[in-house]
Number of protein chains: 4
Amino acid sequence: MKSLITIEPRYQETDQMGVIHHSVYAVWFEMGRVKYCDDIGLPFKEIEDSGLRLAMIDLRSIYKKPAMFGYRYKQYTYLSDFSRVKMTFRYEIYNEADELVHLGESVLVWLDKDLKPTNVLKSNKHIYDLFSKHVLKEIQNG
Amino acid sequence: MKSLITIEPRYQETDQMGVIHHSVYAVWFEMGRVKYCDDIGLPFKEIEDSGLRLAMIDLRSIYKKPAMFGYRYKQYTYLSDFSRVKMTFRYEIYNEADELVHLGESVLVWLDKDLKPTNVLKSNKHIYDLFSKHVLKEIQNG
Amino acid sequence: MKSLITIEPRYQETDQMGVIHHSVYAVWFEMGRVKYCDDIGLPFKEIEDSGLRLAMIDLRSIYKKPAMFGYRYKQYTYLSDFSRVKMTFRYEIYNEADELVHLGESVLVWLDKDLKPTNVLKSNKHIYDLFSKHVLKEIQNG
Amino acid sequence: MKSLITIEPRYQETDQMGVIHHSVYAVWFEMGRVKYCDDIGLPFKEIEDSGLRLAMIDLRSIYKKPAMFGYRYKQYTYLSDFSRVKMTFRYEIYNEADELVHLGESVLVWLDKDLKPTNVLKSNKHIYDLFSKHVLKEIQNG
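Calculation criteria
Residues numbered from 1 in each chain as written. Chains lettered and ligands numbered in written order. Predicted model: local features only at pLDDT ≥ 70, side-chain atom pairs only at ≥ 80, totals over all residues. Heavy atoms only, no water. Helix = DSSP H or I, 4+ residues; strand = E, 2+ residues; numbered from the N terminus. Rg over C-alpha atoms; globule rule 2.2 N^0.38 Å. Buried < 20%, exposed > 50% of the residue type's maximum accessible area, 1.4 Å probe, protein only. Contact = heavy atoms within 4.5 Å. Areas by Shrake-Rupley, 256 points an atom, 1.4 Å probe, with all protein chains shown as cover. Pairing = 2+ DSSP bridges. Axes fitted to C-alpha atoms, helices over the stretch in contact; angles between N-to-C directions. Least-squares fit on C-alpha atoms with pLDDT ≥ 70 in both. Buried area = accessible area lost by both parts, 1.4 Å probe. Salt bridge = Lys/Arg side-chain N within 4 Å of Asp/Glu carboxyl O. Polar contact = N/O pair within 3.5 Å; in protein donor to acceptor, adjacent residues only side chain to side chain. Nonpolar A, V, L, I, M, F, W, Y, C, P; charged D, E, K, R; others polar. Core = buried A, V, L, I, M, F, W, Y, C linked by side-chain atoms within 4.5 Å. Phe/Tyr/Trp six-rings, centres within 6.5 Å; stacked < 30°, edge-to-face > 60°. Arc of directions from axis to C-beta. pLDDT = per-residue confidence, 0-100.

J.: Would you mind going over the overall build of chain A in detail, with residue names and values included?
T.: The number of helices and strands found in chain A is four helices and five strands. Secondary structure of chain A in N-to-C order comes out as β-α-α-β-β-β-β-α-α. In terms of C-alpha radius of gyration, chain A reaches 16 Å, essentially the compact-globule figure of 14 Å for 142 residues. Judged by the C-alpha coordinates and their principal axes, chain A covers about 45 × 35 × 25 Å. Classification of the 142 residues of chain A by burial places 55% in the buried group. Restricting the contact set of chain A to residue pairs at least 6 apart, pairs at least 24 apart contribute 66%. Of the accessible surface of chain A, which amounts to about 6,300 Å², a share of 48% is contributed by carbon and sulfur atoms.

J.: Please set out the sheet that holds strand β1 (residues 3–7) of chain C residue by residue, giving values where relevant.
T.: Each strand in a sheet pairs with its neighbour through backbone hydrogen bonds, running either in the same direction (parallel) or in the opposite one (antiparallel). Within the open sheet, the ten strands sit side by side as β1(B)-β3(B)-β4(B)-β5(B)-β2(B)-β2(C)-β5(C)-β4(C)-β3(C)-β1(C). Their pairing is antiparallel. Both outer strands of the open sheet, β1 (3–7) of chain B together with β1 of chain C, are each paired with one neighbouring strand and no more. Strand-to-strand twist in this sheet, taken as the mean axis angle between neighbours without regard to direction, amounts to 25 degrees. Here strand β2 (residues 53–63) of chain C pairs with strand β5 (residues 100–111) of chain C via ten bridges, running antiparallel. If you follow L54 of chain C over to β5 of chain C, its bridge partner there is W110 of chain C. Against the sheet, helix α4 (residues 125–132) of chain B touches β3 (73–82), β4 (86–94) and β5 (100–111) of chain B, its axis set at about 115 degrees to β3 of chain B. Strands in contact with helix α4 (residues 125–132) of chain C are β3 (73–82), β4 (86–94) and β5 of chain C; relative to β3 of chain C, the strand with the most contacts, it is inclined by about 115 degrees.

J.: Quick rundown of the relation of the copies chain B and chain A? Include the residues and the values.
T.: Superposing chain B onto chain A takes a rotation of 180 degrees plus a shift of 0.0 Å along the axis, which leaves an RMSD of 0.0 Å. Within this description, the copies of the chain are treated as partners about a two-fold rotation axis. An overlap of 100% is found between the interface residues of chain B and their copies at the interface of chain A, pointing to a shared contact surface.

J.: Describe the interface of chain B and chain A, with residues and values.
T.: The interface is formed by ten residues belonging to chain B together with ten residues belonging to chain A. Buried surface at the junction of chain B and chain A, both sides included, amounts to about 940 Å², of which 52% is carbon and sulfur. When the buried area of chain B at its contact with chain A is split by residue, Y11, Q12 and Q16 of chain B rank highest and sum to 60% of it. The interface formed by chain B and chain A includes zero salt bridges. Applying the counting criterion to the chain B and chain A interface returns four residue pairs in polar contact (both at pLDDT 80 or more). Of the residues contributing to the side of chain B that touches chain A, the split by class is three nonpolar, six polar and one charged.

J.: Tell me what's going on with the relation of the copies chain A and chain D, and back it up with residues and numbers.
T.: Superposing chain A onto chain D takes a rotation of 180 degrees plus a shift of 0.0 Å along the axis, which leaves an RMSD of 0.0 Å. A shared interface surface links the copies, since 100% of the contact residues of chain A are contact residues in chain D too.

J.: Requested: an account of the environment of D114 of chain B, with residues and values cited.
T.: By secondary structure assignment, the location of D114 of chain B is in the loop between β5 and α3 (120–123). On the basis of relative accessible area, D114 of chain B is assigned to the exposed category, the value being 62%.

J.: Give a detailed account of the nonpolar core, specifying residues and quantitative values.
T.: Counting residues in each nonpolar core, the largest one holds 86 residues, and the members touching the most others are I47, W110 and F131 of chain A together with I47, W110 and F131 of chain D. For F131 of chain D, the residues in contact, after removing those within four places along its chain, are Y36, C37, I40, L42, I47, L79, F82, M87, F89 and W110 of chain D. Counting 85 residues, the second-largest nonpolar core is a separate cluster that includes F44 and I93 of chain B, M56 of chain C together with F69 of chain D.

J.: Quick one: what's the story with the packing of aromatic side chains, residue by residue and with numbers?
T.: Evaluated as defined, the whole model comprises 44 aromatic pairs over all chains. Seen from their ring centres, F69 of chain B and F44 of chain D are 5.9 Å apart, and the 85 degrees between their planes marks the pair as edge-to-face. With one member in each of two chains, F69 of chain B in the loop between β2 (53–63) and β3 and F44 of chain D in helix α2 (residues 44–49) form a pair that bridges those chains. Each member of the pair, F69 of chain B together with F44 of chain D, is buried.

J.: Can you explain helix α4 (residues 125–132) of chain D? Please cite residues and give values.
T.: All names here are of chain D. Restricting attention to buried positions, one finds in α4 the residues I127, Y128, L130 and F131. Seen end-on, α4 carries its buried residues on one side only, within an arc spanning 165 degrees. Packed against the buried residues of α4 are α1 (24–39), α2, β3 (73–82), β4 (86–94), β5 (100–111) and α3 (120–123).

J.: An account of the pattern of salt bridges is needed here, citing residue identities and associated values.
T.: For the coordinates displayed, the defined rule picks out 39 salt bridges over all chains. A salt bridge links R72 of chain A to E8 of chain A; its shortest N-O distance comes to 3.5 Å. Separated by 64 residues along the polypeptide, R72 of chain A in the loop between β2 (53–63) and β3 (73–82) and E8 of chain A in the loop between β1 (3–7) and α1 (24–39) bring together distant segments of the chain. When the shortest N-O distance is used, the salt bridge between R60 of chain C and D58 of chain B registers 2.8 Å. Here R60 of chain C, found in strand β2, pairs with D58 of chain B, found in strand β2, and the two come from separate chains.

J.: Can you explain the side chain of H134 of chain D? Please cite residues and give values.
T.: Residues and elements named next belong to chain D. Assignment of secondary structure puts H134 in the segment after α4. A relative accessible area of 18% places H134 in the buried class. Of the polar contacts made by the side chain of H134, one reaches the backbone oxygen of L130; its length is 2.8 Å. If sequence neighbours within four positions are ignored, H134 has contacts with M1, Y36, I40 and L79.

J.: Could you give me a rundown of the confidence of the model for chain A, with the residues and numbers involved?
T.: When pLDDT is averaged along chain A, the result is 95; 96% of the residues meet or exceed 70. Confidence estimates for the predicted assembly give a pTM of 0.96 and an ipTM of 0.94.

J.: Quick one: what's the story with the interface of chain A and chain D, residue by residue and with numbers?
T.: Across the boundary between the two partners, chain A contributes 24 residues, which contact 24 residues of chain D. In this assembly, chain A packs against chain D so that about 2,000 Å² is buried in total across both faces, 56% of it on carbon and sulfur atoms. Area buried by chain A at its contact with chain D is led by M17, H22 and Y63 of chain A, which between them contribute 28% of it. On inspection of chain A and its partner chain D, the count reaches ten residue pairs in polar contact (both at pLDDT 80 or more). Elements with a contribution of two residues or more to the side of chain A that touches chain D: α1 and β2 of chain A. Top contributing element to the side of chain A that touches chain D by residue count: β2 of chain A, with eleven residues. Within the side of chain A that touches chain D, the residues separate by chemical class into 13 nonpolar, five polar and six charged. With five bridges joining them, β2 of chain A and strand β2 (residues 53–63) of chain D adopt antiparallel strand pairing. Across the sheet, the residue bridging to D58 of chain A is I62 of chain D, located in β2 of chain D.

Below you can see the structure in the form of structure tokens.
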């Protein structure tokens, strides 16, 4: 499963080069993860309400073309790997001509309320099951 | 007492007009308040550690000249009014030629940990006393 | 005419008080203005492509209730005053229970490409006419 | 050569987990690059004034420990690779106990004013020379 969001860059996200500032992609990726959680039936707020937290431990952002204010972009988000302690999401952003403009990958670890690493299968089997059945391992082309 | 910080605008704070985006001033004002608290001997972290919170309820930002990346600015922050429930800060930002580029005023209310309004004199007399003795009422020229 | 946008706060927009940081409202107001321009048939990008710029000169933000991640908000944006040199927008943000959570007002001036003040009626009559016919003066209750 | 900046996280940079939001590191890295340019005698503004632009094409951010408001951090920035078309910077962030909290690496390409790739040796030999003599290749431990 790949979740889709449409992004209309905000004017505030531009910089004086006239493009979307590179720090913004991490925020768009996060919006993609929130939509992904919604799509699998687990609003992100419910994850936090259950006492779990997710911490970014590794983030990669690869720029193919600039994104600009005044245009629309499509971002696909999917889960490419999942275990009891962490998950890996991938992101693909396309412009209106369906050209790839940006790629990303991020690894998040499960934490408890005190921000200590936790085993999500032990902490919350329902959440573990929901994510694990939507992993999209791309063994063949990953 | 007026607290002083030097601001070197970040490239990320620019927008495609080539100036600092107007939403950034609220962040600079906040940095000014943090420095102000340090200067009166009350690190902002101590306020939160004591269980108190400060919520912005009214913010005014007045633009005289644009601020730009590559230049330095001086921001003065002072407390212009203070009561048991709220405080008013004022901000003045000057460029390297000592021209006023921006003015601001903001009103903050004291909240408890559950984000309910609280009387700071009752909650924490030490904090109340520190702020109240540094108020700079400008009756004559305000 | 009042333009409407639905806002789903981003996780990145929260702060450690657990609410949307107050500097974010200026960004939401800007999104409202962009939608407003779309709604009157003048995409914001066209304004800049025509050589005009809009600079914020006065911004007021009034907080009634906190906004939080995991909830949706409706923001209405309208033009409350307009002249050849500047315009005033107002903003109203409501929560899912239709309670007012935030109010705003901002004044923007027309600039040319060199960021010098300009008379929009002289610079671009089409743009002047489009805005001027949508002003929503609230003489009675403003 | 390694450039050093001291970072005092801004309250606005926190999120509701109580830590600095992960999208902020890219901004701190950028501040490090600006300081690096200053340190080698080439203020970043001069680079843009000369007509050159730098575009981020690959960004990696690795989280060891959270950064938090109320503490100070030291960030070292250095150039780990350099050619006529791109440069690679590395970043190391340490807390007050000198523990590594964050690592980063980013690749930037040289563009002209129209955002087309350019050869910096041809475009501006002075800039090429300044960067190339400060590269810190860590062949032995890289």
